[in-house]
Each structure stands twice: as C-alpha cells, then as structure tokens.
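So the chains spell out like this:
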Amino acid sequence: MKKIMKNSSKVSWVKILPLAGVVMSLTACGSMRHYQAEMQGSLQATKQGNLDEAVANLEKNNTGSDKDLLYFLEKGQLLRLKGDLAESVNTWLKADEKVRQWEDESKLTVGKALEAAGSVVVNDKVRRYDGQDYEKVMLSTLLTMNHMLSGNVSGARTEIKKTYERESLIASLHEKEYDKVEEEAKSHNVETTFKNLRGYPVETLDDPEVLSLKNGYQSAFSHYLAGFVFESLHEPSLASAGYRKAIELRPNQPLLEQGLKGLQGRLARKVKDTDVLLVVESGFMPARSSKTIPLPFIWKNKPVITQIAFPVIQPSHDFRPSNIQIGNKSVELSPISNLDAMARRALRDEMPGIIVRSSIRAAAKGAMQQEMGEKMGALGSLAGIIATAATEQADERIWTTLPSSISIARINLKPGVHQATISTPQGPRTVQLSVSGQYAIIPLRLLDQSVIVPTARTTEQLAAADAVKSAN
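Note on numbering: residues in each chain are counted from 1, in written sequence order. For this predicted model, a pLDDT threshold of at least 70 governs which residues receive local features, and a threshold of 80 or more governs which side-chain atom pairs are given and counted, while totals over whole chains, interfaces and linings are taken from all residues. As a convention, hydrogens and water are excluded, and side-chain values are obtained from all of the structure's heavy atoms.

Student: I'd like a description of the sheet that holds strand S10 (residues 439-446), backed by residues and values.
Tutor: Working definition: the strands of a sheet are paired by backbone hydrogen bonds and lie parallel or antiparallel to each other. Here a strand pair is declared whenever DSSP counts at least two bridges between the two strands. Each helix corresponds to a stretch of at least 4 residues labelled H or I by DSSP, and each strand to a stretch of at least 2 residues labelled E; elements are numbered beginning at the N terminus. One open sheet holds the five strands; their spatial order is S6-S7-S1-S10-S11, and the pairing between them is mixed. Of all strands in the sheet, those bounded by a partner on one side alone are strand S6 (334-338) and strand S11 (451-452). Strand direction decides the pairing type here: S6 and strand S7 (residues 405-413), joined by four bridges, are antiparallel. Considered in S7, the bridge of proline 335 is made with serine 407. Contacts are assigned to residue pairs with any non-hydrogen atoms lying within 4.5 Å of each other. Whenever a helix is involved, its axis is fitted only over the stretch in contact; in every case the axis is a line through C-alpha atoms, and angles between N-to-C directions fall within 0 to 180 degrees. Strand contacts of helix H7 (residues 133-149): strand S1 (274-282), S7 and S10, with the helix running at about 125 degrees to S10, the strand carrying the most contacts.

Have a look at this one:
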C-alpha cells in the first residue's frame, strides 16, 4: 500500500499530549454533531408532504439562540415549499448574511481549506459550517426565483448580480487554495490523490457525470434562469450572456441553445400567450457519510497506522421525470443541473485539502496514542485509541432539502389555469398551473407521493390553509 504521509517530523509532538483532553471536552460539549441523523425526521416528513412537521422537527434540533447557516438554508426551503415566500426570503437572507461573512473573511484569508486548527487535530466537524460552494450559489438562485414569483424584480436583479460575484470569488479562492494545499502537502510529504486511499469508493468521484462538470459550483440552471429573467425585462444583452453561460456549462442541450437562438424573435413577438418556464425539482441531495480509512505514517522511525475518517457521497439515483403532460400536449423536460453530481464534484475538488488535514491529524493522533502508551503503558494506549475513535468522524453536513436534480421545459400557454400531470416515484399526479403575463416561472417540486407548486400566497391564504389543517 502506498503511504499517504511519508514523514511525521513536521508535527510538534510537544503539543500533542494535551490532545486527549481537548478531544474529550469537544465531545462532551456537543461539537460532534450528527447532522444527517438530526435531519431524518424533517427529511422524511418533507418527502411525505408534511411540511409543518418538517419545520417542527427542524426547530426541535435547533433550540439554541445562535442558529447556524444550515438551519436557515433548510428552513427557508421548507417555508418556500409551504408557499410562504415572504418568510422564506427573510430566512434565506439571514443565511445570506452568514455567507457574506464567509466572503468577507475569505477575501482577507488565503488557504481556507487549511485553517481552523481544531479540524486538524480533532476532525472537520468542529469547523464552522460555511456551506458548500454550490449551496452558496443555489441560495442566490432560489432567492432569485422567490423574488420573481413575488413580483420583486429589483430583488431578483440583486440576487443574479450576487450569483455572478459569488462565482467569481469562489473561482479566485479555489485557485489560491489549490496553491496553498500543494504547498502544505509538499512541506508534510503528503500525497493528495484520493485514489491512493485504500478502501475509498473512488468510483463515486470518478463518475463520468461528475468529471463532465466544469466545476462543482456553477449551475447551468442559475444562468439560464438569469437569461430568462433578463429576457422578461427586455434586456437582450444580459439575457444572451445568461443563456450563453448555461450552454457552456451544459452543452448539447437543444432547449438551452434555442433560448439563445430564439431570443430576438421572442422579444419581437406580438402574441398574447405566456412564455412559461417550467422548473421541475426532483429528489433530495444524497447524504454525506463517514468512511474510516487506515493512514500510515512514520513515528520514531517506526511505521504506524491510524484510522482516519473521510467523507463519502454515494450517487442518489433519485427518480427524474422525462416529460410533463399539459392538457393534451406532452412536453419534454430537459435535465439542466444535476446537484447530486455537483456535490460529488465539489467533494472531489475538496479532497486534496481534506487529505492534507487528515494526514496531519493521523500523525498527531497516532503520535498521541504512541506517546501515551510509552508514558502510561497499556492503559495509556487504550485511552488514546478510545479518544481517537470517539472523535474520528468525517464532516457529513450538507443542505439536505435541496433537490438532487433540476429539469426545465419552456412552453407558450394561454393565460388562465391549466391542468398538468407529471410522474412521481409513486405514480402520476395532477396539479393546476396558474398562468398570466407575458413571461412566467412555474416551479414544481416532486416529492415521494405528491407535487408541490411553491408559488406566492397571501397571508390570508396561508392562514386559511393552516386553519384547514388544524380542523383535520
């Protein structure tokens, strides 16, 4: 087996002995959060369409006053699915404040992938969760949709601009972090290739759909949506830029290419029909899990192996419909963004930094075990092994209520109410689509047994819906 860490001489062993106490105190104070387990209740309730129960479960697991980014991301999504777009926007703007804090800090700090000493000596779960890069971009994208559905054009413009700026910052940070990780890897003699991790499911990150992505944060849907919004505002140059970027990110999609080619013709049209963008969101983000891998290193000229946990994302294989029936017409759905693959691409790109931190941690924890064994005998060795095992977990935090895939369709419909039928994992379901204006965006969220159309509702409508639920 190829060694990941060839030389442990760079670690300051004098500072390692207090590690056991640090480890135990972090475990006791709740730093070892099991996020996937926490979200199971909310996730299952969401899949069944029980959104009030999903929100209640989320609140139950987040009772502290200092709510983290994930709380606001998850709650904003659940409120959106309930149709409470105003409160969804307010909640997501709180999430956006936390992302902006990360942005401000990142502009001043190079090498975010390696900062936070606690993650080096304990695990990555002790770090503040700043969100995956694709989550930051999707936050702005979903806010754009919420604003458009609520008639807030200026808010949508702001979010589109924020999307572009966010992508640019992330690209710049990735370039700097890559250099920093390579520098750290060389200084510790660490090989950063995840393919050398014996037992790691390499195929999850070498999936052709993962490798086909330009990166793990730019979404073709985000840019097509921007193009559609600017087209609806009769700003062809900005619309063209959005459509072009979508084509670049998702080539060989006729619908995306038609968005650009047919732009001038659509803007000049005199028909009274509504140009409708259907956005079909399917599945849920695959869970991050923790897989323990043996990492070898050298301690006092002797080979030592320490068990270190790495994050794994298995493909979701969620149901994705291929078409939607509107009246007597079958409309093909074009897959535009695979967030499942984006999550795995993000992890693939993050792995060199994870491996560097993990390799340093492996040497530190292994040295702690060896040192405690030498100083305290078998009892010391046992205490060191227990301390390592108790804390060695990969970071499994992820925005779970995001869809795993997004497909779109574009169709001209007469203003009014239309019946639409679409397949779900449990069979076809029919919903009503209310269409008005020259342009309209209609999102549909597929759950296990139902379809939600998360459009804006008035306070009175929401109160009436709650009253009906209470009566039942």
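Student: So what's going on with the sheet that holds strand S5 (residues 329-332)? Which residues, and what values?
Tutor: Read from one edge of the open sheet, four strands run S5-S4-S8-S9, paired in antiparallel fashion. Each edge of the open sheet carries a strand with a single partner, namely S5 and strand S9 (427-435). Looking at each pair of strands side by side, their axes are set apart by 30 degrees on average, direction ignored. Bridge analysis of strand S4 (residues 323-326) against strand S8 (residues 416-424) gives three bridges, and the strand direction is antiparallel. Paired with isoleucine 326 across the strands is alanine 420, a residue of S8.

Student: Go over helix H3 (residues 51-60) with me, naming the residues and quoting the values.
Tutor: Relative accessible area decides the class of each residue, using a 1.4 Å probe on protein chains only: under 20% of the type maximum gives buried, over 50% gives exposed, and in between gives partly exposed. Those residues of H3 not exposed but buried are Leu51, Ala54, Val55, Asn57 and Leu58. The arc enclosing the buried residues of H3, seen along the axis, measures out at 160 degrees, which places them on a common side. On its buried side, H3 packs onto helix H2 (35-47), helix H4 (69-82) and S11. Directions are taken from the helix axis to each C-beta atom, and the arc is the one they span.

Student: So, the confidence of the model for the chain: which residues are in play, and what are the values?
Tutor: Note on scores: pLDDT gives the predictor's confidence for each residue, bounded by 0 and 100. Per-chain confidence: the chain averages 84 in pLDDT, with 79% of residues scoring 70 or above. Per-residue pLDDT, averaged within each element of the chain, yields its smallest value for helix H6 (residues 117-121) (45) and its largest for helix H11 (residues 236-249) (98). In this model, residues 1-20 is a region of pLDDT below 50 whose contacts with residues beyond four sequence positions or in other chains number 55 contacts. Contacts for the low-pLDDT stretch residues 458-462, under 50 throughout, to residues beyond four places or in other chains number four contacts.

Student: With reference to specific residues and values, describe the packing of H7 against helix H10 (residues 220-232).
Tutor: Direction vectors running N to C along H7 and H10 enclose 30 degrees, while the axes themselves pass 10 Å from each other. Here H7 lies roughly parallel to H10, going by the angle between them. As H7 runs across H10, the sense of the crossing is left-handed. Note on element contacts: H10 touches H7 through Phe221, Ser222, Leu225, Val229 and Ser232, opposite Val137, Met138, Thr141, Thr144, Met145 and Met148. Under the grouping applied here, Gly and all other residues not named as nonpolar or charged are polar, the nonpolar ones being Ala, Val, Leu, Ile, Met, Phe, Trp, Tyr, Cys and Pro and the charged ones Asp, Glu, Lys and Arg. Considered class by class, the residues forming the contact of H7 with H10 number seven nonpolar, four polar and no charged. We call two directions roughly parallel when the angle between them is under 35 degrees, roughly antiparallel when it is over 145, roughly perpendicular when it lies between 65 and 115, and oblique otherwise. The hand of a helix crossing depends on one turn: near helix anticlockwise from the far one by less than a right angle means left-handed, and clockwise means right-handed.

Student: An account of the packing of aromatic side chains is needed here, citing residue identities and associated values.
Tutor: When we look at a pair of aromatic rings, we describe it by the centre distance and by the angle of the planes. What counts as a ring pair is set by centres within 6.5 Å for rings of Phe, Tyr and Trp (its six-membered ring), and what kind of pair is set by the plane angle: stacked under 30 degrees, edge-to-face over 60, tilted for all other angles. One pass over the structure, following the stated rule, counts five aromatic pairs. Ring centres of phenylalanine 228 and tyrosine 439 lie 5.6 Å apart, and the angle between their planes is 85 degrees; on these two criteria the pair is classed as edge-to-face. Within this pair, whereas phenylalanine 228 is found in helix H10, its partner tyrosine 439 is found in strand S10, the two being separated by 211 residues in sequence. By relative accessible area, phenylalanine 228 is classed as buried at 2%. Residue classification places tyrosine 439 among the buried residues on the basis of a relative accessible area of 12%. As a reminder, the over-ring test applies to NZ of lysine and CZ of arginine, requiring each to be within 6 Å of the ring centre and within 35 degrees of the ring normal. Sitting over the ring of tyrosine 71, lysine 67 keeps its end group 5.3 Å from the ring centre.

Student: Break down the pattern of salt bridges for me, with residues and values.
Tutor: Whenever a carboxyl oxygen of Asp or Glu lies within 4 Å of a side-chain nitrogen of Lys or Arg, that contact is scored as a salt bridge. Tallying each qualifying case throughout the model produces 27 salt bridges. The residue glutamate 159 makes a salt bridge to lysine 162 at a minimum N-O spacing of 3.0 Å. Here glutamate 159 and its partner lysine 162 are both found in helix H8 (residues 153-187), three residues apart, which amounts to about one turn of the helix. Across this residue pair, the class does not change: glutamate 159 and lysine 162 are buried. Among the ionic contacts, a cluster of salt bridges with common partners joins Asp96, Arg100, Glu103, Glu159, Lys162 and Arg166.

Student: For unusual backbone geometry, give the residues involved together with the corresponding values.
Tutor: Look at histidine 234: it is not a glycine, yet its phi comes out positive at around 60 degrees. Its location among the elements puts histidine 234 in the loop between H10 and H11. One non-glycine residue with positive phi stands out, namely asparagine 252, at about 65 degrees. By the element assignment, asparagine 252 lies in the loop between H11 and helix H12 (254-261).

Student: Requested: an account of the nonpolar core, with residues and values cited.
Tutor: Throughout this description, the term nonpolar core refers to a set of buried Ala, Val, Leu, Ile, Met, Phe, Trp, Tyr and Cys residues connected via side-chain atoms within 4.5 Å. In this structure, Leu197, Tyr200, Tyr224, Phe310, Met351, Trp399 and Ile408 are the most contacted members of the largest nonpolar core, which totals 92 residues. In terms of residue count, the dominant contributor to this core is helix H14 (residues 339-376) (12 residues). Within the second largest apolar cluster, 21 residues are counted, among which are Ile326, Ala409, Leu446 and Val451.

Student: Outline the pairing of S7, listing residues and values.
Tutor: The buried fraction of S7 is high, at eight of nine residues. Where S1 and S7 come together, nine bridges link them in antiparallel fashion. Within S7, the position partnered with leucine 278 by the bridge is alanine 409.

Student: Explain the environment of arginine 250 residue by residue, including any values.
Tutor: By secondary structure assignment, the location of arginine 250 is in the loop between H11 and H12. Separated by 31 residues in sequence, arginine 250 and serine 219 place their C-alpha atoms 8.7 Å apart. At a separation of 3.4 Å, a polar atom in the side chain of arginine 250 contacts the main-chain carbonyl oxygen of proline 335. Here a polar contact is recorded for every N or O atom pair within 3.5 Å, except that within protein the pair must consist of a potential hydrogen donor and a potential acceptor, and residues adjacent in sequence are included only if both atoms are side-chain atoms.

Student: Break down the side chain of aspartate 130 for me, citing the residues and quoting the values.
Tutor: You can see aspartate 130 is positioned in the loop between H6 and H7. At 2.7 Å, the side chain of aspartate 130 forms a polar contact with the side chain of arginine 128.

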